[in-house]
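Listed below, chain by chain, are the residues.
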Amino acid sequence: MKKVILMTALSGVLLLCACGENPQESISSSEPDVTVTTSVSEIATVTDIPEITEIQTQTEISSDTAVSQTETSLSQTETTTIVQTAETFPEPENQPFETDENGAVIMEVEEDTDDSEIISAGQKLYENACETEFRYHVGCPYNLDYNNYIENQYGWPYYLVTDEGYTSIADVEKDYYKIFAEERGNDLSEIYMEQDGKLYALDGARGANVFYESSEVTGIIEKTDDKIVFSVDNHYTGDDRNPEAPVTETEQFSVIIKNGEWRVAEFYLPY
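Residues numbered from 1 in each chain as written. Predicted model: local features only at pLDDT ≥ 70, side-chain atom pairs only at ≥ 80, totals over all residues. Heavy atoms only, no water.

Draft legend 1. Region of the structure containing empty space enclosed by the protein. Tallied over the full model, the rule gives one cavity of 30 Å³ or more. Size it by volume and the largest cavity reaches roughly 30 Å³. Element by element, the count of residues in the lining of the largest cavity is highest for strand 9 (residues 247-258), at three residues. (1 Å grid on protein atoms, 1.4 Å probe; cavity = no way out; pocket = protein on both sides within 12 Å on 5 of 7 lines; lining within 4 Å. Points joined across faces, edges and corners; volume = space filled by probe spheres on them. Helix = DSSP H or I, 4+ residues; strand = E, 2+ residues; numbered from the N terminus.)

Put into structure tokens, the structure is as follows:
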């Protein structure tokens, strides 16, 4: 814009010269505030104002963002980033992820995401998967009426599930797949039965492996945009033959990632 104004001014000077007039006299005959020099400066100053204002506004927004996340002048992108920082990483040093009410991990994995953060998230999901698998296959996560049951072909009792809205195995699968991947499949039909529009559960309660001590996600075997395979060390204080000889079993544990939500794929209950 400045170049256009300057070229226009120079063209006027040349035109005056071509007509035999003294350009200096023409310029001086005008009012001081509208001389070519002054006009170019004024226009340049006016042109610069929006740029300065924009920079100042952006600076003010950045400053206000640290104080208030609800500033109406923030762009949509900035607002989204703030919400993720506040909700997903409340303690970034210790917990670079969040878990939902079902125990599933929510975490975006970028190219520069540190492996230690990914392993930390994998550890939490593995622990939650163990607890969930135990509740569904050893006990039962639903309320049961132990006075109302049916039996399978082996005479095992399956007790009536009394929770509202649970009338089929498909209803159980909806809950199960909130932490496990549908690609993994399930064996819930061995633990739950449906009859006459009602749902029944085996509730085969048992204790955990008495030798089981702990599990540790130790590393990443494979990582893609939608899948991560971890190595897991399951520690036992011994086994039936050597109850006092510690044992460590190394297994693989994998997760499938969709839109930042992790679901358990390859997995087995270690106790």
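Draft legend 2. Representation of the sheet that holds strand 3 (residues 144-151). Judged by pairing direction, the sheet is antiparallel, and its four strands sit side by side in the order 3-4-6-5 without closing on themselves. Every other strand in the sheet has two partners, leaving strand 3 and strand 5 (192-195) as the edge strands with one partner each. Adjacent strand axes in the sheet meet at a mean angle of 40°, parallel and antiparallel pairs treated alike. Here strand 4 (residues 157-161) runs beside strand 6 (residues 198-201); their pairing, made up of two bridges, is antiparallel. Paired with Tyr-159 across the bridge in strand 6 is Ala-201. (Pairing = 2+ DSSP bridges. Axes fitted to C-alpha atoms, helices over the stretch in contact; angles between N-to-C directions.)

Draft legend 3. Summary view of the pattern of salt bridges. Applying the stated criterion across every chain yields a total of five salt bridges. One salt bridge connects Arg-184 with Glu-133, and the closest N-O pair in it is separated by 3.9 Å. Of this pair, Arg-184 sits in the loop between helix 6 (169-176) and strand 5 while Glu-133 sits in helix 5 (residues 115-137), and the two are 51 residues apart along the sequence. For Arg-184, a relative accessible area of 28% gives the class partly exposed. Residue classification places Glu-133 among the buried positions, given a relative accessible area of 10%. Here Lys-178 and Asp-175 are joined by a salt bridge, their closest N and O atoms 3.4 Å apart. Overall, the relative accessible area of 14% leaves Asp-175 in the buried class. (Salt bridge = Lys/Arg side-chain N within 4 Å of Asp/Glu carboxyl O. Buried < 20%, exposed > 50% of the residue type's maximum accessible area, 1.4 Å probe, protein only.)

Draft legend 4. Structural detail: the packing of aromatic side chains. Tallied over the full model, the rule gives 18 aromatic pairs. Taking 5.0 Å as the distance between ring centres and 75° as the angle between the ring planes, the aromatic pair formed by Tyr-126 and Phe-253 counts as edge-to-face. Residue Tyr-126 is located in helix 5, and its partner Phe-253 is located in strand 9; the two are separated by 127 residues in the primary sequence. Both residues of the pair, Tyr-126 and Phe-253, belong to the buried class. On the basis of an interplanar angle of 15° and a centroid distance of 4.5 Å, the ring pair of Tyr-176 and Phe-180 is categorised as stacked. By relative accessible area, Tyr-176 is classed as buried at 0%. An aromatic cluster is defined as three or more aromatic residues linked by ring pairs; in this entry it consists of Tyr-126, Tyr-136, Tyr-142, Tyr-166, Tyr-176, Tyr-177, Phe-180, Tyr-192, Phe-230, Phe-253, Trp-262 and Phe-267. (Phe/Tyr/Trp six-rings, centres within 6.5 Å; stacked < 30°, edge-to-face > 60°.)

Draft legend 5. Spatial organisation of the nonpolar core. Counting 44 residues, the largest nonpolar core has Tyr-192, Phe-253 and Trp-262 as the members making the most contacts within it. The greatest single-element share of this core, amounting to eight residues, is contributed by helix 5. Residues contacting Tyr-192, with those up to four places away along its chain left out, are Tyr-136, Cys-140, Pro-141, Tyr-142, Tyr-158, Ile-169, Val-172, Leu-199, Tyr-200 and Ala-201. (Core = buried A, V, L, I, M, F, W, Y, C linked by side-chain atoms within 4.5 Å. Contact = heavy atoms within 4.5 Å.)

Draft legend 6. Local environment of the pairing of strand 6. Summarising the sheet, strand 5 and strand 6 pair through four bridges and their orientation is antiparallel. Residue pairing across strands places Tyr-192 opposite Ala-201, the latter belonging to strand 6. Counting the residues in the hairpin turn of strand 5 and strand 6 gives two residues, including Asp-196, whose phi is positive at 55°.

Draft legend 7. Fine view of the packing of helix 5 against helix 6. For the pair helix 5 and helix 6, interaxial distance at closest approach is 12 Å and the crossing angle is 165°. One finds that helix 5 runs roughly antiparallel with respect to helix 6. Judged by the sense of rotation from one axis to the other, the crossing of helix 5 with helix 6 is right-handed. Contacts between helix 5 and helix 6 involve Glu-133, Tyr-136 and His-137 on the former and, on the latter, Val-172, Asp-175 and Tyr-176. (Parallel < 35°, antiparallel > 145°, perpendicular 65-115°, else oblique. Left-handed = near helix turned anticlockwise from the far one by under 90°.)

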